[in-house]
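Results of the structural survey
For reference, the chains in residue letters:
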Amino acid sequence: DIQWASDELQRHKANCVFDLANHGLINGLARLPACSRFTYPVYASADYENELINDVKLSNVPVLIYSSTFWSYNIDGRSMKQRFPALDAFIIQHYPIEICRATLCLRYQEGLRDHE
């Protein structure tokens, strides 16, 4: 699943990785930097939610790592959706296509119909 996510980022010509699953390995496999100064968004407090939204807007990344069943998505009993509800709403609105494989779900911008 991590290799699949990396391949998808490369296939869609992403210029960076926005990874709400907080994996880090995806950056290495895709050979891409993080789209935010928060490589692991879980380390951003709620005070930085608007910054994270702006990072997604500015990067205009075509696909992002949305969720995972891996422990790093739910830290201290709170998922990334719970930590950043406004970011989650922004992603759902602007990345309407969701594809999941194994432990990861990716979200794609509208118009990326060739995601399979």
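The following paragraphs examine the structure supplied in this document. Everything numeric in this text was worked out from a predicted model, so none of it was measured. (Residues numbered from 1 in each chain as written. Predicted model: local features only at pLDDT ≥ 70, side-chain atom pairs only at ≥ 80, totals over all residues. Heavy atoms only, no water.)

Focus on helix H1 (residues 2–11)
Helical geometry note: an α-helix holds 3.6 residues per turn, so side chains three or four residues apart project in the same direction. To be explicit about the condition: Any residue under 20% of the maximum accessible area for its type is buried, any over 50% is exposed, and the rest in between are partly exposed; the area is computed with a 1.4 Å probe on protein chains only. The helix and strand labels rest on DSSP assignments: H or I over at least four residues marks a helix, E over at least two residues marks a strand, and numbering proceeds from the N terminus. Throughout, a contact is declared for two residues whenever any of their heavy atoms are within 4.5 Å.
All of the buried residues along H1 are Ile2, Trp4, Ala5, Ser6, Glu8 and Leu9. Those residues of H1 hidden inside the fold are in contact with helix H2 (25–30), strand S1 (63–68), strand S4 (97–101) and strand S5 (104–108). Two residues or fewer after H1 comes Lys13, characterised by a positive phi angle close to 60°.

A closer look at the sheet that holds S4
What counts is decided by this rule: In short, DSSP must find at least two bridges between two strands for them to pair. Lines fitted to the C-alpha atoms define the axes, with helices restricted to the stretch that makes contact. Angles between their N-to-C directions range from 0 to 180 degrees.
The antiparallel open sheet is built from 3 strands, whose spatial order is S1-S5-S4. Pairing within the sheet leaves two strands with one partner each, and these edge strands are S1 and S4. Each strand axis lies, on average, 30° off the axis of its neighbour in the sheet, ignoring direction.

As for the pairing of S5
Judged by how many residues are buried, S5 sits mostly within the fold: 5 of 5 residues are covered. Residues Leu104, Leu106 and Tyr108 of S5 are buried on one face, and the alternating residues Cys105 and Arg107, pointing to the opposite face, are buried as well. Across 5 bridges, the pairing between S1 and S5 is antiparallel. For Ile65, the partnering residue across the bridge sits in S5 and is Leu106. Across 5 bridges, the pairing between S4 and S5 is antiparallel. Residue pairing for S5: Glu98 is matched across the bridge by Arg107. Following S4, the chain reverses through 2 residues before pairing antiparallel with S5; Ala102 in that reversal takes a positive phi of roughly 50°.

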